[in-house]
Amino acid sequence: MARLVVVSNRIADPRKTAAGGLAVALAEVLNNTGGMWFGWSGKILEQPGESDGDVKLQQAGAVKLATIDLTREDHDAYYLGYSNGVLWPVFHYRLDLADFDAGYIAGYRRVNQLFARKLAPLLKDDDIIWVQDYHLIPLAAELRALGCNQRIGFFLHIPLPPPLILAAIPGHDWLIRALFAYDLAGFQSKADHSHFSEYVRSEAHAQDLGEGRWRAFNRTLQAGAYPIGIDVEEFVGLTEAPEGREMYERMKREYSRRKLLVGVDRLDYSKGLPHRMRAFRELLARNPETHNSATLIQIASPSREDVSAYSDILHELESLCGSINGNFGELDWMPVRYMHRTVARARLPGLYRASRVALVTPLRDGMNLVAKEFIAAQDPENPGVLVLSRFAGAAEQLREALLVNPYDTEGTASAIHLALQMPLEERKTRHQALMKTIQKYDVHWWCASFLDTLAQARSEESGTPWL
Ligand code: ADQ
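Fair warning: this is a prediction, and the values are worked out from it, not measured in the lab.

Cut-off values and rules
Residues numbered from 1 in each chain as written. Predicted model: local features only at pLDDT ≥ 70, side-chain atom pairs only at ≥ 80, totals over all residues. Heavy atoms only, no water. Helix = DSSP H or I, 4+ residues; strand = E, 2+ residues; numbered from the N terminus. Rg over C-alpha atoms; globule rule 2.2 N^0.38 Å. Buried < 20%, exposed > 50% of the residue type's maximum accessible area, 1.4 Å probe, protein only. Contact = heavy atoms within 4.5 Å. Areas by Shrake-Rupley, 256 points an atom, 1.4 Å probe, with all protein chains shown as cover. Lys, Arg positive; Asp, Glu negative; His and termini not counted. Charge placed at Lys NZ, Arg CZ, Asp CG, Glu CD. Near = heavy atom within 4 Å. Polar contact = N/O pair within 3.5 Å; in protein donor to acceptor, adjacent residues only side chain to side chain. Nonpolar A, V, L, I, M, F, W, Y, C, P; charged D, E, K, R; others polar. pLDDT = per-residue confidence, 0-100. Pairing = 2+ DSSP bridges. Axes fitted to C-alpha atoms, helices over the stretch in contact; angles between N-to-C directions. Right-handed = clockwise from strand over helix to strand, strands pointing away. 1 Å grid on protein atoms, 1.4 Å probe; cavity = no way out; pocket = protein on both sides within 12 Å on 5 of 7 lines; lining within 4 Å. Points joined across faces, edges and corners; volume = space filled by probe spheres on them.

1. Side note on the overall build of the chain
Turning to step 1, where the next piece is worked out: The number of helices and strands found in the chain is 16 helices and 16 strands.
Turning to step 2, where the next piece is worked out: For a compact globule of 467 residues, the expected C-alpha radius of gyration is about 23 Å, and the chain comes in at 23 Å, within 12% of that figure.
Turning to step 3, where the next piece is worked out: Principal-axis analysis of the C-alpha atoms places the extent of the chain at approximately 70 × 50 × 45 Å.
Turning to step 4, where the next piece is worked out: By the burial criterion, 58% of the 467 residues in the chain qualify as buried.
Turning to step 5, where the next piece is worked out: Look at the contacts in the chain between residues 6 or more apart in sequence, and 80% of them connect residues 24 or more apart.
Turning to step 6, where the next piece is worked out: Total accessible area on the chain is roughly 18,900 Å²; 49% of this is exposed by carbon and sulfur atoms.
Turning to step 7, where the next piece is worked out: Here the chain contributes 52 positively and 58 negatively charged side chains, and the mean placements of these two sets differ by 3 Å.

2. Notes on the site of the ligand
Turning to step 1, where the next piece is worked out: As a structural note, the neighbourhood of the ligand is formed by 23 residues, with His 157, Arg 266, Asp 365, Met 367 and Glu 373 the closest of them.
Turning to step 2, where the next piece is worked out: At 3.0 Å from an oxygen atom of the ligand is found a side-chain nitrogen or oxygen belonging to Gln 188.
Turning to step 3, where the next piece is worked out: Taking Leu 369, its main chain carries an N or O atom lying 2.9 Å from an oxygen atom of the ligand.
Turning to step 4, where the next piece is worked out: In the complex, the protein chains occlude 84% of the 710 Å² of accessible area that the ligand would expose alone.
Turning to step 5, where the next piece is worked out: Every element with two or more residues in the shell around the ligand is listed here: strand S11 (259-266), strand S12 (294-301), helix H12 (348-353) and helix H13 (369-377).
Turning to step 6, where the next piece is worked out: When grouped by side-chain class, the residues that make up the shell around the ligand number 10 nonpolar, six polar and seven charged.

3. Section: the confidence of the model for the chain
Turning to step 1, where the next piece is worked out: Per-residue pLDDT for the chain averages 93, and the proportion of residues at 70 or more is 95%.
Turning to step 2, where the next piece is worked out: The complex prediction reports pTM at 0.96, with the ipTM value standing at 0.98.

4. Notes on the sheet that holds strand S13 (residues 336-339)
Turning to step 1, where the next piece is worked out: The strand order across the open sheet formed by six strands is S13-S12-S11-S14-S15-S16, and the pairing between neighbours is parallel. Bordering the open sheet on either side are S13 and strand S16 (402-404), each of which pairs with just one other strand. For this sheet, the mean angle separating the axes of adjacent strands, direction not counted, is 20°.
Turning to step 2, where the next piece is worked out: Relative to the sheet, helix H14 (residues 409-421) contacts S11, S12, strand S14 (357-360), strand S15 (385-389) and S16, its axis offset from that of S16 by approximately 165°.

5. Some thoughts on the pairing of S12
Looking down a regular strand, the side chains alternate between one sheet face and the other.
Turning to step 1, where the next piece is worked out: Counting buried positions along S12 gives eight out of eight residues, so the element sits mostly inside the fold.
Turning to step 2, where the next piece is worked out: Side-chain alternation along S12 places Ala 294, Leu 296, Gln 298 and Ala 300 on one buried face and Thr 295, Ile 297, Ile 299 and Ser 301 on a second face that is also buried.
Turning to step 3, where the next piece is worked out: Taken together, the eight bridges between S11 and S12 define a ladder with parallel strand orientation. The residue bridging Val 264 from the neighbouring strand is Ile 299, located in S12.
Turning to step 4, where the next piece is worked out: Taken together, S11, helix H10 (residues 273-286) and S12 constitute a β-α-β crossover, and its handedness is right-handed.

6. Things to note about empty space enclosed by the protein
Turning to step 1, where the next piece is worked out: Counted under the stated rule, the structure contains two cavities of 30 Å³ or more.
Turning to step 2, where the next piece is worked out: Size it by volume and the largest cavity reaches roughly 80 Å³.
Turning to step 3, where the next piece is worked out: Forming the boundary of the largest cavity are 14 residues, of which Gly 384, Val 385, Leu 386, Arg 430 and Leu 434 lie nearest the centre.
Turning to step 4, where the next piece is worked out: Looking at the lining of the largest cavity, the elements that each hand over two or more residues are H13, S15 and helix H15 (424-440).
Turning to step 5, where the next piece is worked out: Broken down by element, the residue count for the lining of the largest cavity peaks at four residues, all from H15.
Turning to step 6, where the next piece is worked out: Per-class residue counts for the lining of the largest cavity are eight nonpolar, three polar and three charged.
Turning to step 7, where the next piece is worked out: Here the second largest cavity is characterised by a volume of approximately 40 Å³.
Turning to step 8, where the next piece is worked out: As for the second largest cavity, its lining consists of Phe 91, Ile 137, Phe 154, Leu 156, Leu 160, Ile 176, Leu 179 and Phe 187.
Turning to step 9, where the next piece is worked out: In terms of residue class, the lining of the second largest cavity is made up of eight nonpolar, no polar and no charged.

In structure tokens:
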């Protein structure tokens, strides 16, 4: 079996349970193949001119962890600038939030070259390389330029927008050309995959070879949709573990007279948090019987606080929660409990299970794993209801959720109302169907289906005509 090498911006130590489903699933494959995980250490070198340093190698069970440090200048241009100031907003359809500073792309290219330079000497000829996410789109092209001929796959965890949005990025043609250095490019949804197909057909004049294969820039690329899942078994296990149970009991005790609604997100403008609050406010305004009987717990973990669009969303959310509580709250009831923090992973399932409704209403999301975790944590005999944005990748699979348009405040409020009142039988039927889907398409399916295709996919040419 060939060795798997995973490359991502940050790496997670697979021995730590806090690492989450993706790290656990990747660790499993990495373990089986004695693989390696390569990425940024998270450390920033403050002194200008400090060397880009050596690769730090660490053994975590059968898996080798290889990390490098970044200089402040590189980190700011590559990570804050190009990755999170250009690619993240544009790929989430937010051209208004993109900052096309010309210096960023040079930093992005520099760090991808650095990754390639540090990784290449560690590779064996028959390794299979799997690159994760938007930070590293040109990595395969940089590796090819150094003579690496291994099979290389790429998976995009965030959405890919339609061609006319993508084309707003100066240098968009360079980015997509760089994708052709891979043997396989995977997307979260059929919609994202079809945006890719439309782009390469219309902008790159690629030849359609059928079944997701494209020919352009003297290369052949296989593309497809590989929706990511969660480790359902692991999550059900966490629900039944002492910490999960304890959290569940506590929430049930605390909210015994009320129905709980829950939202769990990174504090990111793509997650539609202010829109969600406005829909909840509408629910309270239109349905007086919900006063005193429904409480929304919103947990938003701090994220990318040194990018300015993120501090704006924080203030907007705080002010909306404050005004809802101010206008509707009673001495013994606060409609919204908002917490700006991360909840320990072991406690999330208890919170999900104690909630009657989950609000997963992003304006755009590659997939959204919270939706799947909520389903996995429910009691099948008395399950809660998932209110899900049609603009989350997960909506393509989770058809039995209550699908909403988060921009439609009244429509979302009505769906929340419906969810709060849904009879047990309907809740059970919907939950059964949703559970079946997340079990079938779990994280192990995701890993295996991507890697099986990658093992078959091979571009017919090597060389580097695209750089
Ligand atoms: P994210 O945007 O980070 O990921 P998501 O999939 O919703 O989004 O969540 C990732 C994980 O973080 C989940 O396991 C969740 O439980 C956890 N999490 C989120 N907020 C938390 C909080 N406040 N406290 C504790 N844990 C929290 C990107 C894409 C997604 C895609 C994933 C995986 O944006 O669309 O689903 O990658 O591909």
